[in-house]
Amino acid sequence: MAAPSSLKDSGTDPAVGKWYALLADYGDGVGMLTKTYRYTSPTGEEHPDNPRQLYVLELVEPATYGVGYSSEESVLCMWLDSPSPGRIAVHHISFPMSQFVELVGEGAEPPEFADLKAQQGGSV
């Protein structure tokens, strides 16, 4: 099976409201965002190498207050984590557009997103 291609390689632009798979670990140390992670559902089902998915919330104009300075358009994303079985935590991160399109490829809604919606009473 061929390795997934990045948005840059496929010539695709990111879209708000879509899930994208992280193709490589990002960062290092405690703040590293890994391309896979272990997820345990509320029913105890193990997902040991779950692909990390990033959900695009907004495409932000350069130098937008509150997002962090970037001289180019930024991509504001949500990613999910499971600090304990059955509990889902929401995190946010932004990337300069040029970096985002190199780091991600086409993705899919992760299994923990349904658990998050259930945890929050159906609204996210």
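So, here's what we can say about the structure.

1. Topic: the overall build of the protein
Moving on, step 1. Across its full length, the protein holds three helices and seven strands.
Moving on, step 2. Counting from the amino terminus, the protein carries its helices and strands in the arrangement α-β-β-β-β-β-β-α-β-α.
Moving on, step 3. What you see for the protein is a C-alpha radius of gyration of 15 Å, in line with the 14 Å of a compact globule of 124 residues.
Moving on, step 4. Reported as C-alpha extents along the three principal axes, the dimensions of the protein are approximately 45 × 40 × 30 Å.
Moving on, step 5. When burial is assessed residue by residue, the protein has 33% of its 124 residues classed as buried.
Moving on, step 6. Carbon and sulfur atoms make up 52% of the accessible area of the protein, which totals about 7,100 Å².
Moving on, step 7. Each charge class in the protein was averaged separately, 7 positive and 17 negative side chains, and the resulting centres sit 5 Å apart.

2. Description of the environment of Ala-24
Moving on, step 1. Note on placement: Ala-24 falls in the loop between β1 (19-22) and β2 (36-40).
Moving on, step 2. C-alpha separation for the pair Ala-24 and Lys-35, spaced eleven residues apart in sequence, amounts to 5.3 Å.
Moving on, step 3. Not counting the four nearest positions on each side in its chain, Ala-24 is found in contact with Leu-33, Lys-35 and Leu-103.

3. Focus on the sheet that holds β1
Two orientations exist for strands paired in a sheet by backbone hydrogen bonds: parallel and antiparallel.
Moving on, step 1. Strand order in the open sheet formed by five strands is β6-β5-β4-β1-β7, with antiparallel pairing between adjacent strands. Each end of this open sheet is capped by a strand with a single partner; those strands are β6 (87-96) and β7 (104-106). If you compare each strand with its neighbour and ignore which way they point, the axes differ by 40° on average.
Moving on, step 2. Sheet topology note: the strand β5 (residues 74-84)/β6 ladder contains nine bridges and is antiparallel. Pairing of Leu-76 across the sheet is with Ser-94, part of β6.
Moving on, step 3. Contacting β1, β5 and β6, helix α3 (residues 111-119) runs over the sheet at an angle of about 115° to β6.

4. Quick word on the environment of Leu-80
Moving on, step 1. With respect to the helices, strands and loops of the structure, Leu-80 is situated in strand β5.
Moving on, step 2. Distance in space between the C-alpha atoms of Leu-80 and Gln-120 is 13 Å, their sequence separation being 40 residues.
Moving on, step 3. Excluding residues that lie within four positions of it along the chain, Leu-80 makes contacts with Trp-19, Tyr-37, Arg-52, Ile-88, Ala-89, Val-90, Pro-110, Glu-112, Phe-113 and Leu-116.

5. Things to note about the pattern of salt bridges
Moving on, step 1. Enumeration according to the criterion identifies three salt bridges in this entry.
Moving on, step 2. Glu-102 serves as the salt-bridge partner of Lys-8, at 3.2 Å between the closest nitrogen and oxygen. Of this pair, Lys-8 sits in helix α1 (residues 7-10) while Glu-102 sits in helix α2 (residues 97-103); the two residues are 94 residues apart in sequence, bridging distant segments of the chain.
Moving on, step 3. The partly exposed category is assigned to Glu-102, whose relative accessible area is 46%.
Moving on, step 4. A salt bridge links Glu-106 to Lys-18; its shortest N-O distance comes to 3.1 Å.

How each quantity is defined
Residues numbered from 1 in each chain as written. Predicted model: local features only at pLDDT ≥ 70, side-chain atom pairs only at ≥ 80, totals over all residues. Heavy atoms only, no water. Helix = DSSP H or I, 4+ residues; strand = E, 2+ residues; numbered from the N terminus. Rg over C-alpha atoms; globule rule 2.2 N^0.38 Å. Buried < 20%, exposed > 50% of the residue type's maximum accessible area, 1.4 Å probe, protein only. Areas by Shrake-Rupley, 256 points an atom, 1.4 Å probe, with all protein chains shown as cover. Lys, Arg positive; Asp, Glu negative; His and termini not counted. Charge placed at Lys NZ, Arg CZ, Asp CG, Glu CD. Contact = heavy atoms within 4.5 Å. Pairing = 2+ DSSP bridges. Axes fitted to C-alpha atoms, helices over the stretch in contact; angles between N-to-C directions. Salt bridge = Lys/Arg side-chain N within 4 Å of Asp/Glu carboxyl O.

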